[in-house]
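Given next are the chains, with one letter for each unit.
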Amino acid sequence: MSHPVKPRKQKSIAKCQAVTAQGEHPQPQLRTRVPLQTPVLVLNASYEPINICGARRALVLVLKGVARTEEEQGSTLHAARVHMPMPSVIRLLEYRRIPHQTRALSRKNILLRDRNTCQYCHCILSTGDLTLDHVIPRSRGGLSTWENLVACCHDCNRRKGNQLLQELADMHLSREPRPFSLHTSRHIMRMMGSSDASWRKYLYFED
Ligand SMILES: [Zn+2]
């Protein structure tokens, strides 16, 4: 039997498999994500969305009594001593002050902020067809920061090369890259949660 989960520290959780609500093992070729890596929305005690973590981390928080499950995925975790529904949304039991600036600067987060849209030609592309462009090239002293990185298609990236925007008459940013803020954090969580119906009510889609 193939084992979809890489062994990690939490043995009881690592040695487990999620099965569907019907009790059948999902077909590996149909499974897009390892169940324990499925994103889980994390809410503060106040129901404010604060983060996204993997299902494994969410289960640890629930098992430790730090958080409770608010919404379930519909599958169940079967481990040595634990049978519990896989969470889709969890809520911390104690309110925590969370500095929003802590979200990692990553390719994924920059692409989410920029809505998978090349910031020069406005093409909306799949993640694999986009790269990150340093607005001020690294060779010219540009830093890898939220304010200097944008989603960019490979054509525009090649065209821009090591030049500054001031040196290129026909290339313009569709908008200034935003520094990380509470707004960015909400936007990223909305982008990630837009396909998950159980997340929507926590992510203020109505505004
Ligand atoms: Zn482009």
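Residues numbered from 1 in each chain as written. Predicted model: local features only at pLDDT ≥ 70, side-chain atom pairs only at ≥ 80, totals over all residues.

Another aspect to go through is the overall build of the protein chain. When helices and strands are tallied, the protein chain shows six helices and seven strands. Counting every position in the protein chain, which comprises 207 residues, the buried fraction comes to 24%. (Helix = DSSP H or I, 4+ residues; strand = E, 2+ residues; numbered from the N terminus. Buried ≥ 20, exposed ≤ 12 C-beta atoms within 10 Å, placed from the backbone.)

With that settled, consider the nonpolar core. Formed by 19 residues in total, the largest nonpolar core has its most connected members in Val-40, Leu-41, Leu-43 and Ile-90. Every element with two or more residues in this core is listed here: strand 2 (39-43), helix 2 (55-63), strand 4 (67-78) and strand 5 (83-92). Discounting residues that sit within four places of it in the chain, Leu-41 has contacts with Pro-49, Ile-52, Val-89, Met-189, Gly-193, Trp-199 and Tyr-202. Judged by nonpolar contacts, the second largest core, of 11 residues, contains Ile-110, Leu-111, Leu-130 and Leu-149. (Core = buried A, V, L, I, M, F, W, Y, C linked by C-beta atoms within 7 Å. Contact = placed C-beta atoms within 7 Å.)

Keep in mind that most residues, glycine aside, have a negative phi and that most peptide bonds are trans. In this structure, Arg-115 is a non-glycine residue whose phi angle is positive, near 55°. The phi dihedral of His-122 is positive, around 70°, even though this residue is not glycine. Note that His-122 resides in the loop between helix 3 (107-113) and strand 6 (130-134).

Bringing the confidence of the model for the protein chain into the picture now. Averaged over every residue, the pLDDT of the protein chain is 79; residues scoring 70 or more account for 77%. Within the model, the stretch residues 1-32 combines pLDDT values under 50 with 36 contacts to residues more than four positions away or in other chains. (pLDDT = per-residue confidence, 0-100.)

With that out of the way, let us pick up helix 5 (residues 182-193). With 12 residues, helix 5 extends 16 Å from end C-alpha to end C-alpha; this agrees with the ideal 16 Å at 1.5 Å per step. Where helix 5 is concerned, the buried positions are Ser-185, Met-189 and Gly-193. On an axial view of helix 5, the arc spanned by its buried residues comes to 60°, and they lie on one face. Looking at the packing, one finds that the buried side of helix 5 touches strand 2, strand 3 (49-54) and helix 6 (197-200). (Expected span 1.5 Å × (residues − 1). Arc of directions from axis to C-beta.)

Glancing now at helix 2. Along helix 2, the residues that are buried comprise Ala-55, Arg-56, Ala-58, Leu-59 and Leu-61. Phi turns positive one or two residues past the end of helix 2, at Gly-65, with a value near 80°.

Strand direction decides the pairing type here: strand 4 and strand 5, joined by eight bridges, are antiparallel. For His-78, the partnering residue across the bridge sits in strand 5 and is His-83. Linkage of strand 4 to strand 5, two consecutive antiparallel strands, is achieved through a turn of four residues. (Pairing = 2+ DSSP bridges.)

If you trace the backbone, Thr-69 turns up in strand 4. Setting aside chain neighbours within four positions, we find Thr-69 in contact with Val-62, Pro-85, Pro-87 and Ile-90.

This paragraph deals with the pairing of strand 3. Here strand 2 pairs with strand 3 via five bridges, running antiparallel. When the bridges of strand 3 are listed, Pro-39 appears paired with Gly-54. Adjacent in sequence and paired antiparallel, strand 2 and strand 3 are bridged by five residues, among which Tyr-47 carries a positive phi angle near 75°.

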